Amino acid sequence: MKLRILAAGGTFDKHYDPIAGQLDFGGSHLPQMLERARVRIPFVIEQLRLLDSLDMRDADRQRVLESCIGAAESNIVIIHGTDTMRETAAVIGKSALDKTVVLTGSMIPYEIANSDALFNLGFACGIAQTLPHGVYVAMNGQVFAWDKVRKNRIQGVFESY
């Protein structure tokens, strides 16, 4: 088994620019995170255009879907922004791929103290190997079906509905 990891952006991959005092995108943190987490399953990283999910449009979601369709691997993890993760999951879910696709992200950027990014990445990589084909959202130790999840912006968590 080989795992495909798609980097699509989101808070997960943002870098803090101390001069500008803001978060922006540079390169993906995924290579160093996978090394730090000691992930030993074979994997390939595919970096898409890194976007804040609030800036993601239908064409961007279509590119994510096309990467999933074109992947030789049947187990895929997508790093995505949390604000519109559900919308991208719906595009992939409605396509009924014969693959296991797990979307994850973080509420705090990887390079900021107390980030949930490393845990969420490891969790997503683990469950992507064991779940049946379908599309899921994996955040903070919980797994949700793509069509039964929402982000609770008040509590800063994902929940079933």
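Residues numbered from 1 in each chain as written. Predicted model: local features only at pLDDT ≥ 70, side-chain atom pairs only at ≥ 80, totals over all residues. Heavy atoms only, no water.

## Things to note about the packing of aromatic side chains
Two measures describe an aromatic ring pair: the distance that separates the ring centres and the angle between the ring planes. One pass over the full model with this rule turns up one aromatic pair. When the ring of F119 is compared with that of F123, the centres are 5.9 Å apart and the planes differ by 10 degrees; the resulting orientation is stacked. On the criterion of helical spacing, the pair formed by F119 and F123 is a turn pair, its members being four residues apart in helix α4 (residues 117-128). (Phe/Tyr/Trp six-rings, centres within 6.5 Å; stacked < 30°, edge-to-face > 60°. Helix = DSSP H or I, 4+ residues; strand = E, 2+ residues; numbered from the N terminus.)

## Things to note about the sheet that holds strand β6 (residues 100-104)
Spatially, β4-β1-β5-β6-β7-β8 is the arrangement adopted by the six strands of the open sheet, whose pairing is mixed. Edge positions in the sheet fall to β4 (43-51) and β8 (142-145), since each of these pairs with one other strand and no more. Strand-to-strand twist of the sheet, defined as the mean angle between neighbouring strand axes without regard to direction, takes the value 20 degrees. In this sheet, strand β7 (residues 134-139) lies alongside β6 in parallel orientation, the contact comprising four bridges. Along β7, the bridge assignment pairs L103 with V137. (Pairing = 2+ DSSP bridges. Axes fitted to C-alpha atoms, helices over the stretch in contact; angles between N-to-C directions.)

## Some thoughts on the packing of helix α2 (residues 58-70) against helix α3 (residues 85-94)
Closest axis-to-axis distance for the α2/α3 pair is 9 Å, and the angle between their directions is 45 degrees. Between α2 and α3, the crossing angle belongs to the class labelled oblique. For the pair α2 and α3, the crossing hand works out as right-handed. Where α2 approaches α3, its residues R61, V64, L65 and C68 are matched on the opposing element by E87, T88, V91 and I92. (Parallel < 35°, antiparallel > 145°, perpendicular 65-115°, else oblique. Left-handed = near helix turned anticlockwise from the far one by under 90°. Contact = heavy atoms within 4.5 Å.)

## Describing the side chain of E73
Note on placement: E73 falls in the loop between α2 and β5 (75-79). Within polar-contact distance, the side chain of E73 engages the side chain of R4 at 2.6 Å. Dropping the residues within four chain positions of it, E73 is found in contact with K2, L3, R4, V44 and K99. (Polar contact = N/O pair within 3.5 Å; in protein donor to acceptor, adjacent residues only side chain to side chain.)

## Things to note about the confidence of the model for the protein
Across the protein, the average pLDDT comes to 92, with 99% of residues at or above 70. Element-level pLDDT for the protein is lowest in strand β2 (residues 14-17), with a mean of 74, against a maximum mean of 98 in β6. (pLDDT = per-residue confidence, 0-100.)

## Observations regarding unusual backbone geometry
Phi at A96 takes a positive value of approximately 55 degrees, unusual for a residue other than glycine. Among the structural elements, A96 can be located in the loop between α3 and β6. Even without being a glycine, N140 presents a positive backbone phi close to 50 degrees. One can find N140 in the loop between β7 and β8.

## Considering the pairing of β6
Counting buried residues in β6 gives five out of five residues, a clear majority hidden from the surface. Every second residue of β6 is oriented toward a common face, with T100, V102 and T104 on one face and V101 and L103 on the other, all of them buried. Pairing of β5 with β6, which is carried by five bridges, proceeds in the parallel orientation. Note that in β6 the partner of N75 across the bridge is T100. Chirality of the crossover, the property in question, places the unit of β5, α3 and β6 among those that are right-handed. Handedness of the β-α-β unit built from β6, α4 and β7 comes out left-handed. (Buried < 20%, exposed > 50% of the residue type's maximum accessible area, 1.4 Å probe, protein only. Right-handed = clockwise from strand over helix to strand, strands pointing away.)

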